[in-house]
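An overview of the molecular structure
Given next are the chains, with one letter for each unit.
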Amino acid sequence: MIKPNGVMKIEEIIHNEPPRLLIVYDKGQEEITRVVADVLGHTYSVAGSWDIAKGWLDEVVVGLQNDLITEPESLRKLDRTIITTHCIDSQDLRDEHLTSFCDYEYLYTHRTPIRRDLARYLSFILGQIKPHEDLKRKQRTTLLSTTFPDIRGALPNLDILSVGADSVELRVDLLRDPATDGEFSSVPGLKYVGEQVMLLRQRTELPIIFTTRCTRENGRFPMDDPALFYQYLRKAIQWGCEYIDVELWLPEPIRRQLATEKGNSKIISAWHDFSGQFKWTSPDAHRLYKEGAVYGDIVKMIALVNNMEDNYELEYFRSTLQSTPSNPPFSGLNMGTVGQLSRTLNKVFTPITHPLLPLIAAPGQLSAAEINSMLHFMGQMPRLDMYAIGHVRSNGLGTFFEKCLNELSQPHQLTTVDTLPHGSIEPFLHRQQFGGAYINPPLPVETAPYLPTLTEAASAIGQVDTIAVRSTNSGKALVADNVTWKGVRATLTRDFVPSAYAGRTALVLGNSEPQAAAAIYALASLDIGSVYTIGFGVRSHLGVDTQQLQGLDDLKRLEHPFVIISALPAEKSHLVSPILKHYSNAQGKPTNRSGKIFVDLSNGIKGKGDSVSVASSLGWASNGIADVNAWTIVETLRLLIGENVPWDFVRLVGGRNLYT
Ligand SMILES: O=C1C[C@@](O)(C(=O)O)C[C@@H](O)[C@@H]1O
């Protein structure tokens, strides 16, 4: 579907009614209501009683102290999404009875900044980000099985552990809760598990898979009480885990109940067989898949095998499922060393380990690098030539891409090209082994008529920064894309939910349209209301109404913008400071809804006059080019080599130069 202006896919635009939330908080923790409202880009009101809270129909965010709720059952009648919140630093005031009548539970600590975590949490539970849909589009996906008794052991290395992972699995059954770990069979308490989820999510942008593996399937959760599984998995939904692993042996009513209560979380139906007798050719295989598919958004089936033939039979079984596109994705594996072949051929949520993990979660598990090496040796990942073109050597970008290829044992060869022969990249595109290119600065579309098929973003923005290779039924196809706008969008939505921008005003400064086009396109994808520009006019269709401001008077008449983006070159970026100051003074204060967001796309003049520092000191949520570039690099790697590299890893390993 195309927007009326023919520019942007509807699915990329957020159209949301304002949410209606009730934030329940512990005594003394009223502040959390303000933070939630701010992340949503709305105002809030705190109610002094339950009756008052009930009566406020038009408020977007209402806060209510939990001890004012005398009849938790009545929460059910409220037409609002109810989030109970707890700061784990202070006295534990969690009331499980009350929580059971809430939709969600958000845990936080004052020891770590929570905005990024809260923005992701709210975006997910309100359905504004859809990680499962994103992952379904990827050719291969992986899950990192963490096997730590306490997730804090993983946190210092998490950025490195999760290079190449698309999701991270919390093996709840392997956690050792100091409070309950007297006996081997004891399960970790909910309080401990909740905090582990909180700690993990604060440190990773990856979707979390919450797994309570039972004793019969190589885990530690006792099987005598299925209700225990329900209790934990229901909490995982309330904590906003993107996936819950629901074992197929659990009684049908429990699986059904979880499916009705799952909200935006997805269910991985899981079945493991350790008997060594299972046959993929047996009628049982289809029966088990079908049973899993009833409530599973993904169906996982894993068997311990003894023969190479079992791998061939699994591949045949997989091919029969793939012929019906409406089937939920199938993750099928054989365990044991013999089964490792299937771990390389499976494409959906292949579990991976890492040498830094304390133990492997199942026999035969491989790391992402091992899987890539095996794929290469089997001829499934041929070595290709990739290019980093332009300003990539001096800023270390080329070296960084190489590091990622090595870390993941990707066989491709990266060549850095500072100056193009005859000024054109065309000769590279025709090479037999061409595997993709990253181009910095981006290539204006009108100067390169030889470019392959343009994505909608590249053609609207008029610039190409990435050329990726896609395999098709008839061979391979090249696609010319623009990734920079995704970097800007990811930066804008790091501390705010996407709908915070809907209908709002943005001010964009620049010298010329091409400098600012990707940023405007990113704003349009967030359904921004109007974009005012200073220093340039917009002639292309970027998916949003724009208006150029001509002078100071125009500027003064403009309402306080929700977001300001400067696309001015570094030497002029100081010009934005007076504008920031103008809006920060008394008359320019934001009116009804919050939001003071500033993004500087220039290389940034450090020290005096640095507009990012000026904006921060004036209370704006400010981001410089380092943030935007790191997100852009994450998106580029996804596109070029199909691998997920965490943003924090880019910031950590990339070095300072990478961002200029
Ligand atoms: O279900 C699976 C797959 C797995 O058992 C494996 O075989 O790699 C590892 C588990 O942690 C995960 O939950």
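Since the model is a prediction, treat every value here as computed from it, not as a measurement.

1. Observations regarding the site of the ligand
With respect to spatial proximity, 13 residues lie near the ligand, and among them Glu169, Arg213, Lys300, Arg343 and Gln365 are the closest. Here an oxygen atom of the ligand and a side-chain polar atom of Lys300 are 2.7 Å apart. In this structure, an oxygen atom belonging to the ligand sits 2.8 Å away from a side-chain N or O atom of Arg343. Across the complex, the protein chains shield 99% of the 320 Å² of accessible surface that the ligand would expose by itself. Judged by the proximity of its atoms to the pocket grid, the ligand belongs to the largest cavity. Where the shell around the ligand is concerned, the elements lending two or more residues are strand S7 (167–171) and strand S11 (298–304). Within the shell around the ligand, the residues separate by chemical class into five nonpolar, three polar and five charged.

2. Examining the environment of Leu356
Position of Leu356 relative to the elements: it lies in the loop between strand S13 (350–353) and strand S14 (366–367). Once the C-alpha coordinates of Leu356 and Leu174 are considered, the two residues, 182 residues apart in sequence, prove to be 17 Å apart. Not counting the four nearest positions on each side in its chain, Leu356 is found in contact with Phe148, Asn157, Ile160 and Leu161.

3. Things to note about the confidence of the model for the protein chain
In this model, the protein chain carries a mean pLDDT of 90, and residues with pLDDT of at least 70 account for 93%. Below pLDDT 50 for its whole length, residues 1–13 participates in 34 contacts with residues either more than four positions away or in separate chains. Note on residues 588–592: pLDDT is under 50 here. Beyond four places in sequence and across chains, it has nine contacts. Across the assembled chains, the prediction reports ipTM 0.98 with pTM 0.93.

4. Considerations on the layout of surface pockets
Taken as a whole, the second largest pocket spans an internal volume of roughly 830 Å³. Contributing to the lining of the second largest pocket are 33 residues, with Asn440, Pro441, Pro442, Leu601 and Ile625 lying nearest its centre. Of all the secondary structure elements, the ones that give two or more residues to the lining of the second largest pocket are strand S17 (434–444), strand S19 (463–472), helix H17 (484–492), helix H18 (513–525) and helix H22 (625–641). In terms of residues, the lining of the second largest pocket owes the most to one element, S17, which gives six residues. Within the lining of the second largest pocket, the residues separate by chemical class into 21 nonpolar, eleven polar and one charged. Three or more residues apiece are contributed to the lining of the second largest pocket by two domains, here domain 3 (385–481) and domain 4 (486–623).

5. A closer look at the sheet that holds strand S4 (residues 81–87)
Where strands meet in a sheet, backbone hydrogen bonds hold them as pairs that are either parallel or antiparallel. Sheet architecture is open: five strands sit in the order S2-S3-S1-S4-S5, paired in parallel fashion. What marks the edges here is a single partner per strand, and that holds for strand S2 (44–46) and strand S5 (104–108). The average angle at which neighbouring strand axes cross in this sheet is 25°, direction not considered. Bridge count for strand S1 (residues 21–25) against strand S3 (residues 61–65) is five bridges, and the pairing is parallel. Residue pairing across strands places Leu21 opposite Val61, the latter belonging to S3. Along the sheet, helix H1 (residues 31–40) makes contact with S1, S2, S3, S4 and S5, crossing S1 at roughly 150°.

Conventions used here
- Residues numbered from 1 in each chain as written.
- Predicted model: local features only at pLDDT ≥ 70, side-chain atom pairs only at ≥ 80, totals over all residues.
- Heavy atoms only, no water.
- Near = heavy atom within 4 Å.
- Polar contact = N/O pair within 3.5 Å; in protein donor to acceptor, adjacent residues only side chain to side chain.
- Areas by Shrake-Rupley, 256 points an atom, 1.4 Å probe, with all protein chains shown as cover.
- 1 Å grid on protein atoms, 1.4 Å probe; cavity = no way out; pocket = protein on both sides within 12 Å on 5 of 7 lines; lining within 4 Å.
- Sits in = over half its atoms within 2 Å of the grid points.
- Helix = DSSP H or I, 4+ residues; strand = E, 2+ residues; numbered from the N terminus.
- Nonpolar A, V, L, I, M, F, W, Y, C, P; charged D, E, K, R; others polar.
- Contact = heavy atoms within 4.5 Å.
- pLDDT = per-residue confidence, 0-100.
- Points joined across faces, edges and corners; volume = space filled by probe spheres on them.
- Domains from an automatic or database assignment.
- Pairing = 2+ DSSP bridges.
- Axes fitted to C-alpha atoms, helices over the stretch in contact; angles between N-to-C directions.

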